Amino acid sequence: MIKNLRKRAFSIVLSASFLGLAACSSAPEQDEIERVPNKSAQALYEDAKETLDSGLYARAIELLSAINSRYPFGPFSRQVQMDLVFAHYQTGNTEQALAHIDRFIRLNPNHKNLDYMYYMRGLVNIKADENAFQDYFGVDRADRDANRTRVAFQDLSTLVNSYPDSEYVPEAKKRLVWLLNKMARYELKVAQYYFEREAYLAAANRGKYVVEHYSQSSYLNAALEMMEKSYKKLGLNELADNARQTRQLNKR
């Protein structure tokens, strides 16, 4: 079961589809849970697994929630929690997914699948920061608050640093590169905003922040250029020359 769940994790795409948005994204009400047939935990989980594998995520959530409610300490309890995370993620209900992840981590600090939970936490926080419609139509959203991006970066960094042998690490490292560039791009968007409004010191400081914290991103030269032109506007020619020289050295 765990193996199948892991395979599903690698098939997750970062942008929500229109079908996902159309699905029910809220937690099932108690009366919906009560309408689930009264079966054993194993029989209910077999139904839930089949439904989940078929991509019927809203129905899977109802079944899994029924198991979670009726058999909270049963043999399937931890697997149910992981499946609920996946199902809520697929329906776009990031708040429910995060709630299940945090509860799982809190109650199972030594569980063998914590690497998966941190991996999913990163993906869920990435999705929470998305706007599927704007992404679909190609709207640049780099100027939005980057808090969720930073949290996702922390989640995946925890995975890489704490579970270096995890099978999710290679994929997490790819996500980290993307997130690093996204955070750097956000800072430069803000820097450009300040520069256009003649707040040159603030613009220079944002560029400096990128150099100091996101030097491994692909926006290092752009940050140095922002520092150079901002310092020039401030009449700080020595600092401007230092930024220019560093940028030239970085190009070699």
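These lines cover the structure that appears in this document, whether it is placed above or below. (Residues numbered from 1 in each chain as written. Predicted model: local features only at pLDDT ≥ 70, side-chain atom pairs only at ≥ 80, totals over all residues. Heavy atoms only, no water.)

1. Remarks on the nonpolar core
A general trend in soluble globular proteins is that nonpolar side chains are found buried together.
And then number 1: Val80, Ile101, Tyr116, Met117, Met120, Val124 and Leu159 are the most contacted members of the largest nonpolar core, which has 41 residues in total.
And then number 2: Contributing elements (two or more residues each) for this core: helix 4 (41–53), helix 5 (57–70), helix 6 (77–91), helix 7 (94–107), helix 8 (114–128), helix 10 (147–162) and helix 11 (169–196).
And then number 3: Ranked by residues supplied to this core, first place goes to helix 8 with nine residues.
And then number 4: Beyond its immediate stretch of four places on either side in the chain, Leu159 contacts Asp115, Tyr118, Tyr119, Pro164, Ser166, Tyr168, Val169 and Ala172.
And then number 5: Met183, Ala184, Leu188 and Ala223 belong to the second largest nonpolar core, which has 12 residues in total. (Core = buried A, V, L, I, M, F, W, Y, C linked by side-chain atoms within 4.5 Å. Buried < 20%, exposed > 50% of the residue type's maximum accessible area, 1.4 Å probe, protein only. Helix = DSSP H or I, 4+ residues; strand = E, 2+ residues; numbered from the N terminus. Contact = heavy atoms within 4.5 Å.)

2. A few points about a nonpolar patch on the surface
And then number 1: A cluster of nonpolar side chains, contributed by Leu201, Leu234, Leu236 and Leu239, occupies part of the molecular surface with about 320 Å² of accessible area.
And then number 2: The residue Leu239 is located in helix 14 (residues 237–251) in this model. (Patch = residues over 30% accessible without salt bridge, like charges linked within 9 Å, V, L, I, M, F, W, Y side chains within 5 Å. Areas by Shrake-Rupley, 256 points an atom, 1.4 Å probe, with all protein chains shown as cover. Salt bridge = Lys/Arg side-chain N within 4 Å of Asp/Glu carboxyl O.)

3. A word on the packing of helix 6 against helix 7
And then number 1: Close contact between helix 6 and helix 7 brings their axes to 8 Å; oriented N to C, the two are set at 155°. Comparing their axes, helix 7 and helix 6 come out roughly antiparallel. The element helix 6 and its partner helix 7 pack so that their crossing is left-handed. Side by side, helix 6 and helix 7 meet where Arg78, Gln81, Met82, Leu84, Val85, His88 and Tyr89 of the first sit next to Gln96, Ala97, His100, Ile101, Arg103 and Phe104 of the second.
And then number 2: Split by residue class, the contact of helix 6 with helix 7 holds seven nonpolar, four polar and two charged. (Axes fitted to C-alpha atoms, helices over the stretch in contact; angles between N-to-C directions. Parallel < 35°, antiparallel > 145°, perpendicular 65-115°, else oblique. Left-handed = near helix turned anticlockwise from the far one by under 90°. Nonpolar A, V, L, I, M, F, W, Y, C, P; charged D, E, K, R; others polar.)

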